[in-house]
Structure formats: structure tokens, C-alpha cells
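The primary structure of each chain is shown beneath.
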Amino acid sequence: MLDARTSRRTVLGGLGATVFVAGFHVPRAGAAGVADMEPNAFIRIDAQGFITLTMPQVEMGQGTYTSISMILAEELDAAWDHVKVEHAPPDETHYANPAFGVQATGNSNSIRAFWLPLRKAGAGTRAVLVEAAARGWKVPAAECRTENSQVVHDKSGRRVAYGDLVARAAAMPVPTDAPLKDPKQFKLIGRSLRRLDTPVKTDGTAVYGIDALPPGVKFAALMQSPVLGGKVAHVDDAAAKKIKGVRQIVVLDDLVAVVGDHMWAAKSGLEALDVAWNDGANAEISTADIWARLRKASERDGAVAKTVGDARKALGEGDVYTQTYEVPLLAHAPMEPLNCTVHVRPDGAEAWIGSQVLARVQRAVAKAAGLSVETVVVHNHLLGGGFGRRLEPDMAFVAARIAKQVDGPVKVVWTREEDIRHDVYRPAYHDLLSAKLSRDGRIVGWKHKTAGSSILARWLPPAFRNGVDGDGVDGAADVPYDIDNLRVEFVREEPPGVNTGFWRGVGPNNNVFAIESFIDELAHRARIDPVAFRRAHLGKTPRLKAALDLVAAKSNWGSALPPRAGRGVAVQVAFASFIATVIEAEVDEAGEVLLRRIDTAVDTGTIVNPDTVMAQLQGGLIFGLTAALYGEITVEKGRVQQSNFHDYRMLRMDQVPPINVHLIRNGEPPGGIGETGTTASMPALRNAIYAATGVALRRMPIDRTLIAGARR
Amino acid sequence: MIELRVNGEAKSVDVAPDMPLLWVLRDVLHLTGTKFGCGIAQCGACTVHIDGKPVRSCQLAVGALGNRAITTIEKIGETPAGARVQKAWLDLEVIQCGYCQSGQIMSAAALLNSVPHPDDADIDAAMSGNICRCGTYVRIRAAIKRAAAEHA
Ligand code: FES
Ligand code: FES
């Protein structure tokens, strides 16, 4: 068995391990031969005073390595420039996410889930160091305080560095109930400290999974069955074998791979292969089939996720307004193409990857290689984007299957085409909403039925209960508006021919899009301004109302705009953050959408690093606007039609408007932030187009033919 | 054998002349700072400088390069524009996942070399070939302006 501590060191010393240092620090010469102090799974202090923090969540751009370090260092009163961070190994005992029970980074919950555990870890460590110093000085611990990696005894004017306490403190018990700081005492939390991971990202020295280069590594390109579930029928490799640098052709049941001296040989070899496939049961599947099945499924009664009052009665008579909203399959396309490097030996395996689910990667490699889990070492890396794609271990599984056929380590890199065509796609959803308004414009009855995949049923089965997928109804069951009679249902319908999974913004993306689009239409029917209409229904959600008021003021809501321009508003309570967003957009005669300006007001409770929160809003909005303007995966004859950035388009520099993020500061518990902008973007843009053109779009992505030439 | 001049050093590599520079840098010379994003000149992650001009290395056959100067992200900080861009990138905390940023920095440094004080249209023209999936565009624009302002 690999001991957790041992494997942690393996990671530090292992190839591709990245250690960041917060600041320049020349340690004093410490006592030689003193063992490090390891009070818990997150903190290690050496006799020179360096504090190494092991990150239970992975860094994929969201800034979590810095924020996690800030929380630990805050309670520990660590000198920020003594802090180093390292990737955690796979270890669900020590690094499971408390919100999932699984070692996973997702659902915008790193700070929410680890806020207390990290503070306690820091505070407990600090308490031990204080106790060690007090014993040395023979003074009461209560007379000591800490600052800047030192314990201080003011009465006697003595101070001692943490590093010098390591020898004594290492053997002492760590209290689990050490008092936490009063937030008023925070010195780091709440400040826009520089990120720890960015310097290495400016000069090419950052190491991502795709950069791993264990000695003797070979490179492989792969082609999986173009139709999900298809099998290799025949391979002619004569031409591929002639290519300079091609070393080996690996043919498995459902994929082929070419191994070479470099990726160019591997790619060229793959292109030179003549492969025939048996497409199997999904050979005739098209997007039209997927939609037809989903729409049909939506006619069923769903599993009830939430009821308030009597929605059936409230909607039973009179003028009920009903609409449907749809969002398509989407690919993740993280900038770093999927990859995994694996070395399979008879007695164990080693893998290099950047993953959101390290322990699952370890198990996947073990399974593919036919080894026991304990014999598999996994080195995590920085992730070149995750967005949910790296919550799946499939790239590790296929890499290990290939590596099992190869002598020595092999780096399996997916081409962008392979990445787009073999994604685990954001599910398509079909939402049916009904509501009734009173004569004075209040919502008196509400029904929302969401139909789509249950990702949780596959990914975290215990979380799929009584037919309801908690993620599938996230943002719908907890609709923020005051509605006395409400019913929310979920219909599970899995699409044929594609795998589905989490995508930045997860369930709230779909539900907030449907709800906020529908609310705008209700406001229109009631002849009430969209901000005023929302505001009137936010009595039970004052934090959201405050965010709405702020964004309305900051965006100049209600002021005049040129013809064919409009403002759209969207509000949300998602990932425990309260956010109101206004997008100003213009639609040209051809139906092209020009983004003019974005304002978003954000109440995410206690903020660890304000600049990071702003960056996540900016980036999250752009991620979602990309989907709103371009994102749709389609399938014909079982094959995904898109393949690279020319036909799966991304928003670019020249299309991005100013984005103003307005932070609301308070002492509420921290909310989640990484996915919130994405969720906000789609309905706010849709409503801006509605305001600009009068056209009520009810599907994503935006259909330009519906808005060309239209004007309000 | 193909002779190349990479970051001021002579390198000889035993590869086919049609092999794109990207893979020579990454897989043969182990200069992994230059990134693979699309392989078809759509994303800019692989941008390097050839004689100071930005080029997509995924589309550039090594056989055609001769003695031209290849500069990669690993050494762009040794040029004045490169150093200013790197500093502005950190000062404004542009970077998120960072995977696109080698290419962004190379494109931005090349822009400042040819247009010392770019306006928004210059920035759009020079930078729209570089995709950032994390959506750092707003800060890239601001950081380019900051780097330009620090140019005496
Ligand atoms: S990898 Fe060269 S432009 Fe994308
Ligand atoms: S910073 Fe992640 S792709 Fe640009």
C-alpha cells in the first residue's frame, strides 16, 4: 500500500511536478536532519520555515490554488512568501471534496466546500506551534500570539520562527477545535493577492499534462470509433508504417492509435491508416432523433422535485401562458486538448495528466492495465482548462489501454478533431414552463418541467433520488421568485449515440436560461418593465434584489439606446451566489449580434480574492456568450459533425465588449463563482435581443435568421 | 538533418522537412512552452516569432526555415517588448488556465514591436487569431495598453 504521505512526496519529487513559490525568500539555515511537521493532509512545515500546502482542489485557471493557500495561510498566520503549493496525489481519504465524497473539483464549490476544513487545518496547526513555543518559554499559551510565521510573547519580547518549532511541534497532538479567527482579523482573505500560478504561465515553464516528458516517452495519436459503440472492422497499416518516426500501430476493439517518435509522426501515421469500422447500433442516429425523443419524453409527467401550494389548481383555469425552451448539445473544447501519458509495467503503472478527478484516473488506469489501484502512481498537473470535461477519466482509460501495448511510457494526445467528436457533451434540455398572472401582474401559478439527461445518475448515483436529478433541477426547484403555487418536475431522457456530462454552469445554465427568458415574456405580457417585474417578485430573496438594484443603476437601465439595440437582464441564485446581469447588445440587419457592454452585480458572500472573482465573472460570461452565439453539436449518421474551431466557433478578441463586475461585500458564507458568469450570460443576451428586436428566441444558440431585419 | 536557429542557439534535428515547427519544438527540442491547440491555424496557441514576426508554428514546415531566427515563449522575455508584455500580464493578472497565454504573449509582443502604441482596432487585428477559452480578452486588451504605456 502506498501511504498517503509517501505518495505525496513522490508527487513532489516526481517528474512534471510543479511547485510554486509565493515570493522570493531566502530561508535561514535550519537545523539539519529535522523531520518536517505534517499536522494534517494540507500543511507541511520544514525546519527552514518553508510551508508547503497540498492542494485538495485542482488548478484549471479558476485561481483556486491561490485562494486555498490564502485560507490556510490566514488561519496559520503564515508569512505569505514562505508558502509553496503542490498538487495533491490521488487520495480520497484525505482529499475528497466534502460536497461530493469524491476527490473532484467541480460545481464551483472549492471554496464553499473547503472553507471550514481549511480554516480548521490552519488554526489547528497554528495552535500546536503556539503550544510548542509556550512550552519552550514556560509561559501560558494564552500569552502568545502569532504573526508572519512567528510565535510572539509580548511580555518578554521574545519571538520564534515556525521553522524553529518544527522539531518540538511535530510530535505534539493537533487540536481539532482550535478557535478560528474573527473575520475582522483577516489579513489575507479579502485582498487581491497576486496569483501563485501565473508567473510560470508567462514564460513557458508551466507544466501541463500535455507537457509531461518522462524519459523515453513516445507519442501517440488516436482515432476512436466515429460512431459511439462502433468497432474496428479492418485496418490496413502498410502506408502508415512507412512514415518516418512511426514506431507502432495499436489496434484495439474500438480504437486505433499510432505511436511515434513525436506527435507529427503519430498524426501522420494515423492519417495514413486505412480503417474500416462496424458502426453498430448508433449508425443511423441524428440530432433530429435526439430532439424528437426528448420532446416526446417531455410529454410524460416528471418526477416531482418541488411543490409549493397547489400549482395544478392555480393553473387550472383562465389565461395560462406556456412556452418551451431548448438548449443544445455542447462540447467543452478546453484549450489544452485531452491527453494522458502512461507507463504500464508488469508490476505497476505511472500516469501523468491534468485531471479534475484524480482518484478516478488512478482507478481507470488500474482497470485498463489490469493492475491493482495501489500500484498506480498518478502525477497531477496544471489543467489547460477543464470546464467539466476533465471530470471524466476516459482519456486516462484509453491512454492506459494503449500504453499496455507499448514498451515504455507513451503520451496519448487527442487531436482537436478527436476532442470535439468524442466529448462527453453538455446534454440537450427541453423545458416546458407555464404560468398565470394576476390582473396586477403577479405570478400566481408556476409549473416548470425540465427534460434531459441525468448526469448524476451516472457520475454520482446516490445523488439521483426518486427520479430527480438535483443538478438537472438546480436553479429551477429553488427559483428565487415569490410564487405561492409552484411545481417543478424532472423527466430523465438519455440521448442515443452520445455521452453526456457536466459543462461549466451545469444544471443552472439550462434552468436559468429557461426561467429568465420566460420571466421576460411574462413581464412583457404584464406590460411591466423587466427589472421592475423581477423586483416585485424578489421579496423572499433580498440579496438578489439588492444585486438587481445595483446592476440596474450601474448599467443605466432604462436610458435611451440606438435603434436595434437593447438591454437584457437576468438574475440568478446559483452556486450559492446572488447575481444580476445586464447585457447591452445590438442586432444588425443581417441578424448578427454585436455585444456593446456587460454589467454584472455579484453577491457571493465572503470573498477570498476579489480580483479572482472578477476574472471568473469575465471569463464565465465569455464562455457562455460563445455558446449563445455559436455553440451547437450536431450528429448525422451517428457521427458528430463539428471538428475544430472553424466549425465549432469561439468568441474572439474583436467581439468582446467591456465587462464591468460590481462586487457586493458582506460577511455571508462564501458562495461559488467559477460557473456563475456562464449561467448569467445566455438569458441576459437573449433578453437583450428580445428588447432590441421584439423577437422572443426560445432556443440556443441564437438563430440569426429569426432576428435578421426584425425591429421592435 | 535540418539546421535551425532557436532562441539564438543552433540546433540540428533529424526530422522530415515537412514536419511543422510546433512538433519539433515540443517533442524533439522539448521546448514545451509553445502549445498545441488546433493544428489548423485557428487558435494561435502555437504562435512563435520568425525574425520577429508572429507565425503559427503548427503550419510552418521546418524544412523551409533555413537560418531565420526562431524565438519562442521561453526566451521572449529577453526582448524589451516581450518583457513588458509579461510584466503587464502579471500586473493585471490576465492569466487563468494559461494554456493559450504563450501564444497571446507572442502575438502581443509582436504587435508592440510593429505598433508601439496600438489602438483598439490594432489590438483586434493582431489578437483575434488567438483564442482564449477561459475568456481573458478584456484583460489582454488592458494589458497590451499597459505594456505600451510603459514604453518610454
Ligand atoms: S495550434 Fe497552431 S493555430 Fe492552433
Ligand atoms: S487562459 Fe485558459 S485558454 Fe486562455
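Please read all numbers here as calculations on a predicted model, not as lab measurements.

When you go through chain B residue by residue, the secondary structure sums to five helices and five strands. Along the chain direction, N to C, the helices and strands of chain B fall in the order β-β-α-β-β-β-α-α-α-α. Its C-alpha atoms give chain B a radius of gyration of 15 Å, within 12% of the compact-globule value 15 Å for 152 residues. For chain B, the spread of C-alpha atoms along the principal axes amounts to about 45 × 30 × 25 Å. Classification of the 152 residues of chain B by burial places 58% in the buried group. Restricting to contacts in chain B with at least 6 residues of sequence separation, those with at least 24 account for 57%. Averaging the positions of the 15 positive and the 15 negative side-chain charges in chain B gives two centres separated by 4 Å.

With that out of the way, let us pick up the overall build of chain A. Regarding its fold elements, chain A presents 19 helices and 31 strands. Over its C-alpha atoms chain A spans a radius of gyration of 27 Å, differing by no more than 12% from the 27 Å that the globule rule assigns to 712 residues. Oriented by its inertia axes, the alpha-carbon framework of chain A measures out at about 80 × 75 × 45 Å. Every one of the 712 residues in chain A was classed for burial, and the buried ones make up 64%. Relative to all contacts within chain A whose residues are 6 or more apart in sequence, the contacts with residues 24 or more apart total 75%. When the accessible surface of chain A is summed, it comes to about 24800 Å², and 51% of that surface belongs to carbon and sulfur atoms. Side-chain charges in chain A split into 83 positive and 80 negative, and the spacing between the mean points of these groups amounts to 3 Å.

So, on to the side chain of His-381 of chain A. Residues and elements named next belong to chain A. As for its position among the elements, His-381 is in the loop between strand 17 (376–380) and helix 11 (394–403). A residue is classified by how much of its surface remains accessible, and His-381, at 1% relative accessible area, is buried. Within the structure, the side chain of His-381 is placed 3.1 Å from the backbone oxygen of His-379, a separation counted as a polar contact.

This part takes up the domain arrangement of chain A. Residue and element names in this part refer to chain A. Partitioning chain A into structural domains gives domain 1 (31–203), domain 2 (209–280 + 338–413) and domain 3 (288–329 + 425–707). With 13 residues of domain 1 at the interface, the matching set in domain 2 holds 16 residues. Counting each side, the surface lost to burial between domain 1 and domain 2 is near 1300 Å², with a carbon and sulfur contribution of 63%. It is Met-60, His-87 and Pro-90 in domain 1 that bury the most area against domain 2; as a group they hold 41% of the surface buried on that side. Applying the counting criterion to the domain 1 and domain 2 interface returns one salt bridge. Arg-363 is the partner of Glu-92 in a salt bridge, and the nearest nitrogen-oxygen pair spans 3.2 Å. Taken together, the connections running from domain 1 to domain 2 amount to three residue pairs in polar contact (both at pLDDT 80 or more). When its residues are assigned to classes, the side of domain 1 that touches domain 2 shows seven nonpolar, three polar and three charged.

Turning our attention to the layout of surface pockets. All names here are of chain A. Counted as a void, the largest pocket has a volume near 860 Å³. At the level of elements, helix 2 (64–76), helix 4 (110–137), helix 13 (455–459) and helix 17 (610–630) are the ones that each hand at least two residues to the lining of the largest pocket. Roughly 490 Å³ of internal volume is contained in the second largest pocket. Lining the second largest pocket are 27 residues; nearest its centre among them are Gln-224, Leu-228, Asp-394, His-422 and Asn-499.

What follows concerns the nonpolar core. Grouped together as the largest cluster of nonpolar side chains are 189 residues, with contacts concentrated most on Trp-446, Leu-685 and Ile-702 of chain A together with Trp-89 of chain B. In terms of residue count, helix 17 of chain A provides more of this core than any other element does, ten residues in total. Apart from the residues lying within four places of it in its own chain, the contact partners of Leu-685 of chain A are Ile-583, Ala-585, Val-593, Leu-595, Leu-625, Ala-628, Leu-629 and Ile-702 of chain A. Core analysis: the second largest hydrophobic core is formed by 49 residues, Ile-68, Ala-132, Val-151 and Val-160 of chain A among them.

Residues and elements named next belong to chain A. With 13 residues, helix 2 extends 18 Å between its outermost C-alpha atoms, agreeing within 8% with the 18 Å of an ideal straight helix rising 1.5 Å per residue. Summarising burial for helix 2: 13 of the 13 residues are buried, a large majority. Two residues or fewer past helix 2, Asp-77 is found with a positive phi of approximately 55°.

For chain B, mean pLDDT is 97; residues scoring 70 or higher make up 99% of the total. Under the prediction, the complex receives an ipTM of 0.98, its pTM being 0.96.

Let us look at the environment of Asp-120 of chain B. Residue and element names in this part refer to chain B. The residue Asp-120 is located in helix 4 (residues 120–127) in this model. A relative accessible area of 36% means that Asp-120 is categorised as partly exposed. Sequence separation of Asp-120 and Val-28 is 92 residues, and the distance between their C-alpha atoms is 38 Å. Among all residues touching Asp-120, those that are not within four sequence positions of it are Arg-141 and Lys-145.

Okay, the domain arrangement of chain B next. Residue and element names in this part refer to chain B. Segmenting chain B into domains produces domain 1 (2–75) and domain 2 (76–149). Using C-alpha coordinates to define each centre, domain 1 is positioned 20 Å away from domain 2. For the pair domain 1 and domain 2, the summed buried surface comes to about 1400 Å²; carbon and sulfur atoms form 55% of the total. In terms of surface lost to domain 2, no three residues of domain 1 exceed His-49, Ile-73 and Lys-75, which account for 39% of the buried area on that side. On the surface where domain 1 and domain 2 come into contact, there are one salt bridge. A salt bridge links Lys-75 to Glu-78; the nearest nitrogen and oxygen atoms lie 3.6 Å apart. At the boundary of domain 1 with domain 2, the tally comes to ten residue pairs in polar contact (both at pLDDT 80 or more). Listed by contribution, the elements that provide at least two residues to the side of domain 1 that touches domain 2 are strand 3 (47–50) and strand 4 (53–56). In the side of domain 1 that touches domain 2, the residues fall into six nonpolar, eight polar and four charged.

Below, the discussion takes up the sheet that holds strand 2 (residues 9–13) of chain B. Residue and element names in this part refer to chain B. Reading across the sheet, the five strands line up as 2-1-5-3-4 and stay open at both edges, with mixed pairing between neighbours. For this open sheet the edge positions go to strand 2 and strand 4, each flanked by a neighbour on one side alone. Adjacent strand axes in the sheet meet at a mean angle of 40°, parallel and antiparallel pairs treated alike. Looking at chain direction, strand 1 (residues 2–6) and strand 5 (residues 69–71) are connected through two bridges and run parallel.

What follows concerns the packing of helix 10 (residues 358–369) of chain A against helix 11 of chain A. Residue and element names in this part refer to chain A. Running from amino to carboxyl end, helix 10 crosses helix 11 at an angle of 30°, the nearest separation of the two axes being 8 Å. Between helix 10 and helix 11, the angle falls in the class roughly parallel. By crossing handedness, the relation of helix 10 to helix 11 is classed as right-handed. In contact with Val-361, Ala-364, Val-365, Lys-367 and Ala-368 of helix 10, helix 11 contributes Ala-396, Phe-397, Ala-400 and Arg-401.

Cut-off values and rules
- Residues numbered from 1 in each chain as written.
- Chains lettered and ligands numbered in written order.
- Predicted model: local features only at pLDDT ≥ 70, side-chain atom pairs only at ≥ 80, totals over all residues.
- Heavy atoms only, no water.
- Helix = DSSP H or I, 4+ residues; strand = E, 2+ residues; numbered from the N terminus.
- Rg over C-alpha atoms; globule rule 2.2 N^0.38 Å.
- Buried < 20%, exposed > 50% of the residue type's maximum accessible area, 1.4 Å probe, protein only.
- Contact = heavy atoms within 4.5 Å.
- Lys, Arg positive; Asp, Glu negative; His and termini not counted.
- Charge placed at Lys NZ, Arg CZ, Asp CG, Glu CD.
- Areas by Shrake-Rupley, 256 points an atom, 1.4 Å probe, with all protein chains shown as cover.
- Polar contact = N/O pair within 3.5 Å; in protein donor to acceptor, adjacent residues only side chain to side chain.
- Domains from an automatic or database assignment.
- Buried area = accessible area lost by both parts, 1.4 Å probe.
- Salt bridge = Lys/Arg side-chain N within 4 Å of Asp/Glu carboxyl O.
- Nonpolar A, V, L, I, M, F, W, Y, C, P; charged D, E, K, R; others polar.
- 1 Å grid on protein atoms, 1.4 Å probe; cavity = no way out; pocket = protein on both sides within 12 Å on 5 of 7 lines; lining within 4 Å.
- Points joined across faces, edges and corners; volume = space filled by probe spheres on them.
- Core = buried A, V, L, I, M, F, W, Y, C linked by side-chain atoms within 4.5 Å.
- Expected span 1.5 Å × (residues − 1).
- pLDDT = per-residue confidence, 0-100.
- Pairing = 2+ DSSP bridges.
- Axes fitted to C-alpha atoms, helices over the stretch in contact; angles between N-to-C directions.
- Parallel < 35°, antiparallel > 145°, perpendicular 65-115°, else oblique.
- Left-handed = near helix turned anticlockwise from the far one by under 90°.

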